Amino acid sequence: MARKIPKDGKEENIRVRVTPEQKQRLVEYAERHYQSMSGVVCQALDLLYAREEQQNNKE
């Protein structure tokens with residue numbers, strides 16, 4: 001049975017294993033900044049990609 005693609009455009013899911021302490025830190029950060037945990041993770045990835053691009057431009 002094929003899975004339906006949600007209307008909100010989310011097409012992929014990933015799972016990440018973290019320690020209970022890492023999860024708690026993520027939950028607290030997300031709540032403090034009124035974001036979802038997914039939003040925080042995506043924002044962190046964007047920062048990592050931007051940092052990598054900036055380093056590549058310096059070389």
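Described below are features of the structure shown in this document. (Residues numbered from 1 in each chain as written. Predicted model: local features only at pLDDT ≥ 70, side-chain atom pairs only at ≥ 80, totals over all residues. Heavy atoms only, no water.)

Our focus in this paragraph is the environment of Met 37. Along the chain, Met 37 turns up in helix α2 (residues 37-58). Residues Met 37 and Val 27, 10 residues apart in the sequence, show an inter-C-alpha distance of 6.5 Å. For Met 37, the residues in contact, after removing those within four places along its chain, are Leu 26, Val 27 and Ala 30. (Helix = DSSP H or I, 4+ residues; strand = E, 2+ residues; numbered from the N terminus. Contact = heavy atoms within 4.5 Å.)

In this model, the largest pocket occupies a volume close to 760 Å³. Val 16, Leu 26, Met 37, Ser 38 and Val 41 are the residues nearest the centre of the largest pocket, which is lined by 19 residues in total. Sorting the residues of the lining of the largest pocket by element identifies α1 (20-32) and α2 as the ones contributing at least two each. Examining the composition of the lining of the largest pocket, we find that six residues originate from one element, α2, more than from any other. (1 Å grid on protein atoms, 1.4 Å probe; cavity = no way out; pocket = protein on both sides within 12 Å on 5 of 7 lines; lining within 4 Å. Points joined across faces, edges and corners; volume = space filled by probe spheres on them.)

Before going further, it helps to spend a moment on a nonpolar patch on the surface. A cluster of nonpolar side chains, namely Val 41, Leu 45, Leu 48 and Tyr 49, defines an oily patch on the protein surface of about 350 Å² accessible area. Here Tyr 49 shows up in helix α2. (Patch = residues over 30% accessible without salt bridge, like charges linked within 9 Å, V, L, I, M, F, W, Y side chains within 5 Å. Areas by Shrake-Rupley, 256 points an atom, 1.4 Å probe, with all protein chains shown as cover. Salt bridge = Lys/Arg side-chain N within 4 Å of Asp/Glu carboxyl O.)

The next subject is the environment of Gln 24. Relative to the helices and strands, Gln 24 is located in helix α1. Looking at Gln 24, its side chain comes within polar contact range of the side chain of Glu 28, at 2.9 Å. (Polar contact = N/O pair within 3.5 Å; in protein donor to acceptor, adjacent residues only side chain to side chain.)

This brings us to the packing of α1 against α2. Packing of α1 against α2 leaves a shortest axis separation of 9 Å and a crossing angle of 95°. Between α1 and α2, the interaxial angle falls into the category roughly perpendicular. Residue-level inspection shows Leu 26, Val 27, Tyr 29 and Ala 30 of α1 in contact with α2, the latter providing Met 37, Val 40 and Val 41. (Axes fitted to C-alpha atoms, helices over the stretch in contact; angles between N-to-C directions. Parallel < 35°, antiparallel > 145°, perpendicular 65-115°, else oblique.)

Positioned with a positive phi, Tyr 34 is a non-glycine residue whose angle comes to about 55°. Of note, Tyr 34 is situated in the loop between α1 and α2. Judged by its relative accessible area of 79%, Tyr 34 falls in the exposed class. (Buried < 20%, exposed > 50% of the residue type's maximum accessible area, 1.4 Å probe, protein only.)

These figures capture arrangement, not role.
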